[in-house]
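# A closer look at the structure
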Amino acid sequence: GGIRVPFLLSAPGQVPEGEVRDQCATSMDLLPTIAALTGAALPAATLDGRSLAPVLAAASAPPIHPSLFWAYDKWWVARQANWKALGDVDANKMVLYDLAADPGESRNVAGSNPAGVAFLVDAFSQFIEGLRTDPKVRAEYEPPPDASD
């Protein structure tokens, strides 16, 4: 179970050879990372991704995303440090995984860690509220006013 995708990168002279990083990243980080490593300019648009260059340079670097949130189908997900919460909107079901102890996401520890569940539910709710109130997001996703009004 879980989303764990290996990522290989070669940038001689910029990225140490033969090392592994454990910090979380997403595909949206590729453009800023490649731009940082090559000196290319980024587009003027606001990007959600962040450069992985600091993480690639030092295994001890802090994660570039302290938290990650996403949604797909009927699920929402909150990931912070070693914790990952998944909420099933239709079934009103919640699962919580300790990724350090269970990287395969086979043991739901929500019942024994209600504080962890509450923390991640609150973090996800704050993330969604931030999207709802962000004028850039609203302008992009709200339907245009009806011409008949």
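These numbers come from a predicted model, not from an experiment.

Looking now at the overall build of the chain. Tallying secondary structure elements over the chain gives four helices and four strands in all. Ordered by position from N to C terminus, the α and β elements of the chain give α-α-β-β-β-β-α-α. Residue burial in the chain is summarised as follows: out of 149 residues, 26% are buried. Looking at the chain as shown, the accessible area adds up to about 10,200 Å², and 57% of this sits on carbon and sulfur atoms.

So, about a nonpolar patch on the surface. On the surface, Phe7, Leu9, Leu30 and Ile34 cluster together to form a nonpolar patch covering roughly 330 Å² of accessible area. The residue Leu30 is located in helix α1 (residues 30-38) in this model. Leu30 sits in the partly exposed class, given a relative accessible area of 31%.

A separate point is the sheet that holds strand β4 (residues 93-98). On the basis of which strands lie adjacent, the open sheet formed by four strands has the order β1-β2-β3-β4 and antiparallel pairing. If you trace the sheet from one side to the other, it starts and ends with β1 (67-72) and β4, each paired once. Between one strand axis and the next, the sheet turns by 15° as a mean value, whatever way the strands run. Where strand β3 (residues 83-88) meets β4, six bridges bridge the pair, whose relative direction is antiparallel. Paired with Ala85 across the two strands is Leu96, which belongs to β4.

Once that is clear, we can look at the environment of Asp98. Tracing the chain through its elements places Asp98 in strand β4. Spatially, the C-alpha atom of Asp98 lies 9.6 Å from that of Ala110, the residues being twelve residues apart in sequence. Excluding residues within four positions of it along the chain, Asp98 makes contact with Asn82, Trp83 and Val109. Here Ala100 takes part through its backbone nitrogen, which lies 3.1 Å from a polar atom of the side chain of Asp98.

Turning our attention to the side chain of Gln23. Of note, Gln23 is situated in the segment before α1. Polar contacts involving the side chain of Gln23 include one to the main-chain carbonyl oxygen of Ala59, which spans 3.0 Å. At 2.7 Å, the side chain of Gln23 forms a polar contact with the backbone oxygen of Ala61. Beyond its immediate chain neighbours, meaning those up to four positions away, Gln23 contacts Val55, Ala58, Ala59, Ser60, Ala61, Pro62 and Pro63.

Moving on, we come to helix α3 (residues 114-133). Three- or four-residue spacings in an α-helix give side chains the same orientation, since the helix completes a turn every 3.6 residues. Its 20 residues place the ends of α3 28 Å apart at the C-alpha level, agreeing with the 28 Å of an ideal helix rising 1.5 Å per residue. Among the residues of α3, Gly116, Val117, Leu120, Ala123 and Phe124 are the ones counted as buried. Across the axial projection of α3, the buried residues extend over an arc of 135°, all falling on one side. Exposed positions of α3 whose direction lies more than 90 degrees from the buried face are Pro114, Ala115, Gln126 and Arg132. Those residues of α3 that are buried lie in contact with β1, β2 (75-80), β3 and β4.

About the thresholds
- Residues numbered from 1 in each chain as written.
- Predicted model: local features only at pLDDT ≥ 70, side-chain atom pairs only at ≥ 80, totals over all residues.
- Heavy atoms only, no water.
- Helix = DSSP H or I, 4+ residues; strand = E, 2+ residues; numbered from the N terminus.
- Buried < 20%, exposed > 50% of the residue type's maximum accessible area, 1.4 Å probe, protein only.
- Areas by Shrake-Rupley, 256 points an atom, 1.4 Å probe, with all protein chains shown as cover.
- Patch = residues over 30% accessible without salt bridge, like charges linked within 9 Å, V, L, I, M, F, W, Y side chains within 5 Å.
- Salt bridge = Lys/Arg side-chain N within 4 Å of Asp/Glu carboxyl O.
- Pairing = 2+ DSSP bridges.
- Axes fitted to C-alpha atoms, helices over the stretch in contact; angles between N-to-C directions.
- Contact = heavy atoms within 4.5 Å.
- Polar contact = N/O pair within 3.5 Å; in protein donor to acceptor, adjacent residues only side chain to side chain.
- Expected span 1.5 Å × (residues − 1).
- Arc of directions from axis to C-beta.

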